[in-house]
Amino acid sequence: MAYKKIKRWTKIVLKSLFILNVTGLVVFIGYLIFDVLTDKKALVSTPAVNSIALILGMLSLPGIVVQLVSLLNINEKKTFSLTTQCPHCRHLVEMKMKED
């Protein structure tokens, strides 16, 4: 029983650390961009603008890889399902869609 509590708290702590890290990274990049845009000397300086562009490019690489992998699976038919309540009688209605 103690093992389950430790596992649960470890998950909670790791998820909160991940959220804090992502939030901190977004705030840091926002601060860098704001600092460069408000400082006229830094805006003219190409190394500062290039470093911000390279950081943003590195952060977008995982999304690019995911898009390229999804293009490889183009022959697979995707099936989407949606469960919602009927507005009239309140029972659950399941809808299925297939991608063509």
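Residues numbered from 1 in each chain as written. Predicted model: local features only at pLDDT ≥ 70, side-chain atom pairs only at ≥ 80, totals over all residues. Heavy atoms only, no water.

Asker: Help me understand the overall build of the chain, please; the structure alone is not making it clear to me.
Answerer: Along its length, the chain carries three helices and two strands. Starting at the N terminus and ending at the C terminus, the chain contains elements arranged as α-α-α-β-β. Relative to its length of 100 residues, the chain is extended, with a C-alpha radius of gyration of 23 Å against a globular reference of 13 Å. By principal-axis analysis of the C-alpha atoms, the chain measures approximately 65 × 50 × 35 Å. By the burial criterion, 5% of the 100 residues in the chain qualify as buried. Taking all contacts inside the chain whose residues are at least 6 apart in sequence as the whole, residues at least 24 apart take part in 9%. Approximately 9400 Å² of the chain is accessible, and the part contributed by carbon and sulfur atoms is 69%. (Helix = DSSP H or I, 4+ residues; strand = E, 2+ residues; numbered from the N terminus. Rg over C-alpha atoms; globule rule 2.2 N^0.38 Å. Buried < 20%, exposed > 50% of the residue type's maximum accessible area, 1.4 Å probe, protein only. Contact = heavy atoms within 4.5 Å. Areas by Shrake-Rupley, 256 points an atom, 1.4 Å probe, with all protein chains shown as cover.)

Asker: Where do I start with the environment of K4 in this structure?
Answerer: On the secondary structure map, K4 appears in helix α1 (residues 2-38). You can call K4 exposed: its relative accessible area is 65%. Counting along the chain gives eleven residues from K4 to K15, while the straight-line C-alpha distance between them is 16 Å.

Asker: Can you walk me through helix α3 (residues 46-72) in this structure?
Answerer: Helical geometry note: an α-helix holds 3.6 residues per turn, so side chains three or four residues apart project in the same direction. Over its 27 residues, α3 extends 37 Å from the first C-alpha to the last, a length consistent with the 39 Å expected when each residue adds 1.5 Å. At L61, α3 is deflected by roughly 35 degrees, the largest bend along its length, and proline P62 occurs up to four residues later in sequence. (Expected span 1.5 Å × (residues − 1). Bend = angle between axes of the 7 residues up to and from the residue.)

Asker: Help me out: how do you make sense of a nonpolar patch on the surface in this one?
Answerer: Taken together, the side chains of M58, L61, I64, L68 and L71 define a hydrophobic patch exposed on the protein surface, amounting to about 520 Å² of accessible area. Within the element layout of this structure, L68 appears in helix α3. (Patch = residues over 30% accessible without salt bridge, like charges linked within 9 Å, V, L, I, M, F, W, Y side chains within 5 Å. Salt bridge = Lys/Arg side-chain N within 4 Å of Asp/Glu carboxyl O.)

Asker: In this structure, what is going on with the pairing of strand β1 (residues 79-85)? I would like to understand it.
Answerer: The side chains of a regular strand alternate between the sheet's two faces. The pairing of β1 with strand β2 (residues 92-98) spans seven bridges and is classified as antiparallel. Opposite Q85, over in β2, you have L92 as the bridge partner. Between β1 and the antiparallel strand that follows it, β2, lie six residues; R90 among them carries a positive phi value of about 65 degrees. (Pairing = 2+ DSSP bridges.)

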